[in-house]
Amino acid sequence: MAELSRRIVLGAFLVVVASRMPAAASDGVLPAIRWAEAADAAYLGSGRIAADRAKAGLPLSAGWAAYRGSLARVRRLARLDLYALTPTTAESAKALAAYHTARGERAGSAGARRAARRRLRKVFARPGAVLPPRLT
């Protein structure tokens, strides 16, 4: 029998190691959460600027309404993209639950918190979703 080359031994070792390692998070939830958080922050920031200028009696520029509208569209699209994804890892499930909890708390109403929990129940009920983290 021919001697095994170092390449064959190394290749077999890598195959065995790779088969034992857990899969990396590839469901896309974490980048989508970052995108939705950035869109939320931009929209909320523009609202604070508008409120501060209105309080000071300063007019807003002619393009401000269009700018706010574009930020609202980006935020809506980021949220829709996030809602379309199904968490397949415990890490992404925990991050998704934290994002929705923070959104519900930021709104400050019981209705917003219920809506966030309802959205999470729908997402975690999808086929292929991991079990949700324990929600408070």
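Values in this document were obtained by computation on a predicted structure and should not be read as measured data.

Draft legend 1. Fine view of the packing of aromatic side chains. In total, this model carries 1 aromatic pair according to the counting rule given. Here Trp64 and Tyr67 contribute two aromatic rings whose centre-to-centre distance is 5.3 Å and whose plane-to-plane angle is 45°, an arrangement assigned as tilted. Here Trp64 and its partner Tyr67 are both found in helix α3 (residues 64-84), 3 residues apart, which amounts to about one turn of the helix. Using a relative accessible area of 17% as the deciding quantity, one classes Trp64 as buried. The ring centre of Tyr43 lies 4.2 Å from the NZ or CZ of Arg68, which sits over that ring.

Draft legend 2. Spatial organisation of the packing of helix α2 (residues 29-55) against α3. Where α2 contacts α3, the two axes come as close as 9 Å, and the packing angle between them is 155°. Judged on the interaxial angle alone, α3 and α2 are roughly antiparallel. Crossing handedness for the pair α2 and α3: left-handed. Of the residues that constitute the contact of α2 with α3, the class distribution is 17 nonpolar, 2 polar and 4 charged.

Draft legend 3. Structural detail: the pattern of salt bridges. The tally for this structure, following the rule as stated, stands at 2 salt bridges. A salt bridge links Arg79 to Asp40; the shortest N-O distance between them is 3.1 Å. With a gap of 39 residues between them, Arg79 in helix α3 and Asp40 in helix α2 connect regions that are remote in the sequence. Each of the salt bridges in this network shares a partner with another, and the network as a whole consists of Asp40, Arg79 and Arg106.

Draft legend 4. Region of the structure containing the side chain of Ser92. Locating Ser92 in the fold gives a position in helix α4 (residues 90-107). Among the residues examined, Ser92 registers a relative accessible area of 0% and is labelled buried. In this view, Ser92 contacts Asp27, Val29, Leu30 and Pro87; residues no more than four positions away in its chain are not counted.

Criteria and cut-off values
Residues numbered from 1 in each chain as written. Predicted model: local features only at pLDDT ≥ 70, side-chain atom pairs only at ≥ 80, totals over all residues. Heavy atoms only, no water. Phe/Tyr/Trp six-rings, centres within 6.5 Å; stacked < 30°, edge-to-face > 60°. Helix = DSSP H or I, 4+ residues; strand = E, 2+ residues; numbered from the N terminus. Buried < 20%, exposed > 50% of the residue type's maximum accessible area, 1.4 Å probe, protein only. Lys NZ or Arg CZ within 6 Å of the ring centre and 35° of its normal. Axes fitted to C-alpha atoms, helices over the stretch in contact; angles between N-to-C directions. Parallel < 35°, antiparallel > 145°, perpendicular 65-115°, else oblique. Left-handed = near helix turned anticlockwise from the far one by under 90°. Nonpolar A, V, L, I, M, F, W, Y, C, P; charged D, E, K, R; others polar. Salt bridge = Lys/Arg side-chain N within 4 Å of Asp/Glu carboxyl O. Contact = heavy atoms within 4.5 Å.

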